[in-house]
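# Reading the structure
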Amino acid sequence: MEWFERATLAGDDVAAFNLAVILDEGKLVPEDNARAARFYRLAVERGNVDAMVNLGLMLETGEGVTRDLPAARAVFRKAAAEGDAYAERKFAELSGANNFETAMLDKMSRIK
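Residues numbered from 1 in each chain as written. Predicted model: local features only at pLDDT ≥ 70, side-chain atom pairs only at ≥ 80, totals over all residues. Heavy atoms only, no water.

Turning to the overall build of the protein chain, a few remarks are in order. The helix and strand tally for the protein chain stands at seven helices and zero strands. Secondary structure elements of the protein chain, listed N to C terminal, follow the sequence α-α-α-α-α-α-α. The buried share among the 112 residues of the protein chain stands at 37%. (Helix = DSSP H or I, 4+ residues; strand = E, 2+ residues; numbered from the N terminus. Buried < 20%, exposed > 50% of the residue type's maximum accessible area, 1.4 Å probe, protein only.)

Following this line, the structure appears as structure tokens:
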């Protein structure tokens, strides 16, 4: 934990993500979802796509944070824009699209 914290302070997005996962899972240290969410947010600010997905899940369910579906959609959209297929599916699901293909067609129509 100490080395991940040092690396996080030095600006490393992967270290911030790893700290968040450790706190989120609660296997190596007691689970602390509120702290995990803070580290996920930090990693998201630094562009970490995996952190975007995990933070989106926390926002969707209210795990460690106040449930916020618009924020979850936004973070899934950001990860989807970076090419994350799971985030694309979650964004489509939270946007009310009937299926993944419908969401992709909508996405392609906005690109034109």
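Before going further, it helps to spend a moment on the pattern of salt bridges. Inspection of every chain in the model, using the stated rule, returns four salt bridges. For Arg-35, the salt bridge is made with Glu-5, and the minimal N-O distance between the two is 3.7 Å. With Arg-35 in helix α3 (residues 33-45) and Glu-5 in helix α1 (residues 2-9), this pair connects stretches of sequence that are 30 residues apart. The salt bridge involving Lys-90 is made with Glu-93; its shortest N-O contact spans 3.2 Å. Here the residue Lys-90 and the residue Glu-93 both occupy positions in helix α6 (residues 85-94), the gap between them amounting to three residues, near one helical turn. Among the ionic contacts, a cluster of salt bridges with common partners joins Glu-60, Lys-90 and Glu-93. (Salt bridge = Lys/Arg side-chain N within 4 Å of Asp/Glu carboxyl O.)

Let us look at the environment of Glu-63. Tracing the sequence through the fold places Glu-63 in the loop between α4 (49-61) and α5 (69-81). Sequence separation of Glu-63 and Asp-32 is 31 residues, and the distance between their C-alpha atoms is 10.0 Å. With sequence-adjacent residues up to four places away left out, Glu-63 is seen in contact with Asp-24, Glu-31, Asn-33 and Met-58. (Contact = heavy atoms within 4.5 Å.)

Our next topic: the packing of aromatic side chains. Here the structure, examined in full by the defined rule, presents one aromatic pair. Ring geometry for Phe-17 against Tyr-40: centres 6.0 Å apart, planes inclined by 50°, an arrangement best described as tilted. Note that Phe-17 is positioned in helix α2 (residues 13-25) and Tyr-40 in helix α3, a separation of 23 residues in sequence. For Phe-17, a relative accessible area of 15% puts it in the buried group. Geometry around Trp-3 places Arg-6 over its ring, the cationic atom sitting 4.6 Å from the centre. (Phe/Tyr/Trp six-rings, centres within 6.5 Å; stacked < 30°, edge-to-face > 60°. Lys NZ or Arg CZ within 6 Å of the ring centre and 35° of its normal.)

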